[in-house]
Amino acid sequence: MFTYVLYGLAFGLLGFSFFKDRGKTRMALKKAWKSFENILPQMLGIIVLIGILLAILSPETISSLIGAQSGWIGIVVAAAVGSITLIPGFVAFPLAAALLQHGAGVVQIAVFVSTLMMVGVVTLPVEMKYFGKRATLTRNALALVFSVIVALILGGIVK
Amino acid sequence: MKNLLKRYRFFLVMLLILAGVAVFDTALGLKATQMSWDNLLDLMAVVPPIFILLGLLDVWVPREVMIRLTGENSGFIGVALSFLLGSFAAGPLYAAFPVAGIMLKKGSKLSNIMVFIGAWSTTKIPLLLFEATAMGWTFMLGRLILNLPVILIIGFLVEKSMPKQDLAQIYQSAESF
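These numbers were taken from a predicted model, which means no experiment stands behind them.

The rules behind the values
- For every chain, the first residue of the written sequence is number 1, and numbering continues from 1 onward in sequence order.
- Each chain gets a letter, beginning with A, and each ligand a number, beginning with 1, in the order they are written.
- Per-residue local features are limited, in this predicted model, to residues with pLDDT of at least 70; the limit for side-chain atom pairs, both in listing and counting, is 80 or more; totals at the level of whole chains, interfaces and linings are taken over all residues.
- Side-chain descriptors were evaluated using all non-hydrogen atoms of the structure, hydrogens and water having been removed beforehand.
- To qualify as a helix, a DSSP run of H or I must reach at least 4 residues; to qualify as a strand, a run of E must reach at least 2; elements of each kind are numbered from the N terminus.
- Note on classification: 1.4 Å probe, protein chains only; a residue is buried when its accessible area is under 20% of the maximum for its type, exposed when over 50%, partly exposed between these limits.
- We call two residues in contact when some of their heavy atoms are within 4.5 Å.
- Each accessible area is a Shrake-Rupley result for a 1.4 Å probe, and residues are judged covered by the shown protein chains and nothing else.
- Positive residues here are Lys and Arg, negative ones are Asp and Glu, while His and the chain termini are left out of the count.
- Where a charge sits is defined by one atom per residue type, namely NZ (Lys), CZ (Arg), CG (Asp) or CD (Glu).
- In short, buried area is how much 1.4 Å probe accessible area vanishes from two parts on joining, totalled over both.
- Each reported salt bridge corresponds to a side-chain nitrogen of Lys or Arg within 4 Å of a carboxyl oxygen of Asp or Glu.
- Any pair of nitrogen or oxygen atoms within 3.5 Å is treated as a polar contact; in protein, a donor-acceptor pairing is required on top of that, and neighbouring residues in sequence qualify only through side-chain atoms on both sides.
- Classification used: nonpolar for Ala, Val, Leu, Ile, Met, Phe, Trp, Tyr, Cys and Pro, charged for Asp, Glu, Lys and Arg, polar for all others including Gly.
- Confidence of the predictor in every single residue is expressed as pLDDT, which spans 0 to 100.
- An automatic or database domain assignment supplies the start and end points of every domain.
- Any helix carries an expected span of 1.5 Å times its number of residues minus one.
- Taking the helix axis as origin, the arc is that swept by the directions to the C-beta atoms.

The secondary structure content of chain B amounts to 10 helices and 0 strands. Secondary structure elements of chain B occur, N-terminal to C-terminal, as α-α-α-α-α-α-α-α-α-α. With the principal axes as the frame, chain B shows a C-alpha extent of 55 × 50 × 30 Å. Within chain B, buried positions represent 51% of all 177 residues. Of all intrachain contacts in chain B linking residues separated by at least 6 positions in sequence, the fraction that spans at least 24 positions is 72%. If you sum the accessible surface of chain B, you get close to 8,500 Å²; carbon and sulfur atoms cover 72% of it. In chain B, which carries 14 positive and 10 negative side-chain charges, the distance between the mean positions of the two groups comes to 5 Å.

Many descriptions give the size of an interface as the accessible area lost when the pieces come together. The interface is formed by 77 residues belonging to chain B together with 76 residues belonging to chain A. Summing the contributions of chain B and of chain A, the shared interface buries around 7,100 Å²; its carbon and sulfur component is 81%. When the area that chain B buries against chain A is broken down by residue, the three leading residues are B:W60, B:Y94 and B:F97, summing to 10%. Between chain B and chain A we count 2 salt bridges in total. With a shortest N-O distance of 3.2 Å, A:K31 and B:D58 are connected by a salt bridge. Where chain B packs against chain A, one counts 7 residue pairs in polar contact (both at pLDDT 80 or more). Elements represented by at least two residues in the side of chain B that touches chain A include exactly α2 (9–24), α3 (26–60), α6 (96–105), α7 (110–122), α8 (125–135), α9 (137–160) and α10 (164–174) of chain B. Per element, the largest residue contribution to the side of chain B that touches chain A is 25 residues, and it comes from α3(B). Of the residues assigned to the side of chain B that touches chain A, the class counts are 58 nonpolar, 11 polar and 8 charged.

So, about the confidence of the model for chain B. A residue-level look at chain B finds 99% of positions with pLDDT of 70 or above and a mean pLDDT of 90. Considering each helix and strand of chain B separately, the mean pLDDT is smallest for α8(B), with a value of 82, and largest for α9(B), with 95.

This next bit is on the domain arrangement of chain B. In terms of domains, chain B is made up of domain 1 (1–46) and domain 2 (61–174). Using C-alpha coordinates to define each centre, domain 1 of chain B is positioned 30 Å away from domain 2 of chain B.

A separate point is the domain arrangement of chain A. Taken domain by domain, chain A comprises domain 1 (1–45) and domain 2 (57–157). Between domain 1 of chain A and domain 2 of chain A, the C-alpha centre-to-centre distance is 32 Å.

A few words now on the environment of A:T85. All names here are of chain A. With respect to the element layout, T85 can be found in the loop between α4 (71–84) and α5 (89–101). When the C-alpha atoms of T85 and Q69 are compared, they prove to be 25 Å apart, with 16 residues separating the residues in sequence. Excluding anything up to four places from it in sequence, T85 contacts I50, L53, T115, L116, V119, G120 and V122.

Residues and elements named next belong to chain A. In a regular helix each residue adds 1.5 Å, so 19 residues correspond to 27 Å; helix α1 (residues 2–20) covers 27 Å between its end C-alpha atoms and thus fits that length. Buried within α1 are the following residues: F2, L6, A10, L14 and S17. The buried residues of α1 occupy an angular sector of 110° when projected down its axis, which confines them to one face. Seen from the buried face of α1, the exposed residues on the opposite side, beyond 90 degrees, are Y4, F16 and F19.

As structure tokens, this is what we get:
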């Protein structure tokens, strides 16, 4: 549904742009393609890597590692697994919900979800291409630390 | 051709590993292929509008305007705008990096770009609805409220931790995007 809004917005503005200035519109599309083509190789590689990882790490496997009783070890495992890849929320939440049903703990799942979406070890090279080494590592390290803090508080709220 | 091979090296290695997995364990290989394919379709569904908007942003919004709105002295407006821009996005975080690249090129403040990245990863509106359905409203709202200050703090700390010359270098390399 939201995707349609995004499409509507993009094509609406594109039409408006074309109406205003054809040359500029052609240039915008050229830039769009260039930016896409620039990141495509890494994207494709990451997609396959995530596919392999998700196939190996079944919900049963993960929840046996990050169960409600797993404590700090479970939190560390959840952070480690979550940090490896950057997974879109549309994949992450059904996975997280399945893990909760299989007996994973709330804190561990919150760490897992937050790190999945904010911390990406696999995508570090892509991020460094834009932000350099230092800013990239700082951002990911901070996101990791705060994911754990937020999860610990969240564990107290959600029972 | 050789250049193309080099650029897609990582992807090709991943395909080889996938093939290896399939030879070793057919069911696992099929599952991994299915997951990759689903991932790809999900991504391709949201990628065209993002990159079209990125192209339009690059061509139509002059650097001066972008600097005024999200640059060094943009203050609250810059933070709020970066937040909104990220929250109205779709797709995984690595699709945000090219957009962030254009923001760098246009002179947005690094802390604001980090807020944009944070919003993209955590407070995307369609994702929040999805999260509430899958995990319950308490989980979603709790995580959202806790993460709002976190996103601002990360943005602030990343910028503050950067030495001047490193910062200058990031902006310089963004010229070529």
